[in-house]
Amino acid sequence: IGWRNHCTNLVEPGLSAQGAFADYIVVPRHSVRMIPSGIDAHLACLVEPIAVVLHAIARQPAFHGDRILIIGGGGIGQMCLAVLASRGLGPIALIDPNEGRRAHAKALGASVFPSWHDFREQVRDALGAMPDIVYNAANKADALADAVDACGTRGRICQIGYTGSEFGKIYPAKLMEKELSIVGALSPTADWSTAIDFVAQYGETLRPLVTHEFALADYEQAFAMMRDRQEAAIRVMLTGSAASRRH
């Protein structure tokens, strides 16, 4: 049916096929994109999540005049903010419990808050009213209930955050009473070239989102940092260098 991200025979190196960390790997030609010389390895690793965000925004577009709320300030939430801000959209507020991630979002132009439940009035004041659209990029199932509660009448919600096997609870009557529209967004589809172009244009704005760099030998520490959300980690990079660094 043409939806590559829903292909029943999808093969993804590192997920459904082993070999992503091999010295060499054979993949179909259509899976390869050329990275321009102006994009170094630190920025190239942001192409995939930017493609995810572009797909999500295409699924649930924001328009000029929309009041926008982003729930979750990890990599996807921060890059969603970067793309929306680059289009002159907003006002934008972002919610994340981590002070360091909030600081990154503030630098990208968002009003930032630690939570929805404790700061709902402040969020509404920052936006001027209840959000017209909510991008839920949090990796917690209960965040969808916050999105439903926060979204204004006839508002739109895009579920981007991956919650694994978690289940959450929402109040179905609010969907009816507010006449909300909710869509999900799964992985990138045909947005790779656009994502590469975006990273090439806004690379220096995005670069601070690569918050940590680990030598390949320290891969266990790198994965633990991402799993446990340590030290305001947003994007953690594995390299062939001999030393690990915090940026």
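One can find the structure itself at the top, above this paragraph.
Just so it is clear, the model here is predicted, and its values are computed rather than measured.

A. Quick look at the environment of Ile 70. Here Ile 70 is to be found in strand β1 (residues 68-71). Residue classification places Ile 70 among the buried residues on the basis of a relative accessible area of 0%. Distance from Ile 70 to Val 236, taken between C-alpha atoms, is 21 Å for residues 166 residues apart in sequence. With near-sequence residues (within four places) excluded, Ile 70 lies in contact with Gly 77, Cys 80, Leu 81, Leu 84, Ile 92, Ala 93, Leu 94, Ile 95 and Tyr 135.

B. Fine view of the sheet that holds strand β2 (residues 92-95). Judged by pairing direction, the sheet is parallel, and its six strands sit side by side in the order β3-β2-β1-β4-β5-β6 without closing on themselves. Where the open sheet ends on each side, the last strands, each with one partner, are β3 (111-113) and β6 (181-184). Pairs of neighbouring strands in the sheet enclose a mean axial angle of 15°, with direction left out of account. Here strand β4 (residues 133-136) runs beside strand β5 (residues 156-159); their pairing, made up of four bridges, is parallel.

C. Molecular detail of the environment of Glu 12. One can find Glu 12 in the segment before α1 (41-44). Residue classification places Glu 12 among the partly exposed positions, given a relative accessible area of 34%. When the C-alpha positions of Glu 12 and Asp 125 are compared, they lie 44 Å apart, and in sequence the two are 113 residues distant.

D. Summary view of the pattern of salt bridges. Under the definition given, this model contains ten salt bridges. For the salt bridge of Arg 154 with Glu 179, the shortest nitrogen-to-oxygen distance reads 2.5 Å. Taken together, the positions of Arg 154 in the loop between α6 (143-150) and β5 and Glu 179 in the loop between α7 (172-178) and β6 put the pair 25 residues apart, joining distant regions of the chain. The exposure class assigned to Glu 179 is partly exposed, which follows from its relative accessible area of 44%. Between Asp 228 and Arg 227 there is a salt bridge, and its shortest N-O distance comes to 3.2 Å. Of the residues examined, Asp 228 reaches a relative accessible area of 42% and is grouped as partly exposed.

E. The arrangement of the packing of helix α3 (residues 75-86) against helix α8 (residues 192-206) in detail. The interhelical angle for the contact between α3 and α8, taken along N-to-C directions, is 115°, at an axis separation of 11 Å. With respect to α8, the element α3 is oriented roughly perpendicular. Classified by chirality, the crossing of α8 by α3 is right-handed. Residues Ala 82, Val 83 and Ser 86 of α3 touch α8, and the partners they reach there are Phe 198, Tyr 202 and Leu 206. When the residues that make up the contact of α3 with α8 are grouped by side-chain class, the tally is five nonpolar, one polar and no charged.

Cut-offs and rules
Residues numbered from 1 in each chain as written. Predicted model: local features only at pLDDT ≥ 70, side-chain atom pairs only at ≥ 80, totals over all residues. Heavy atoms only, no water. Helix = DSSP H or I, 4+ residues; strand = E, 2+ residues; numbered from the N terminus. Buried < 20%, exposed > 50% of the residue type's maximum accessible area, 1.4 Å probe, protein only. Contact = heavy atoms within 4.5 Å. Pairing = 2+ DSSP bridges. Axes fitted to C-alpha atoms, helices over the stretch in contact; angles between N-to-C directions. Salt bridge = Lys/Arg side-chain N within 4 Å of Asp/Glu carboxyl O. Parallel < 35°, antiparallel > 145°, perpendicular 65-115°, else oblique. Left-handed = near helix turned anticlockwise from the far one by under 90°. Nonpolar A, V, L, I, M, F, W, Y, C, P; charged D, E, K, R; others polar.

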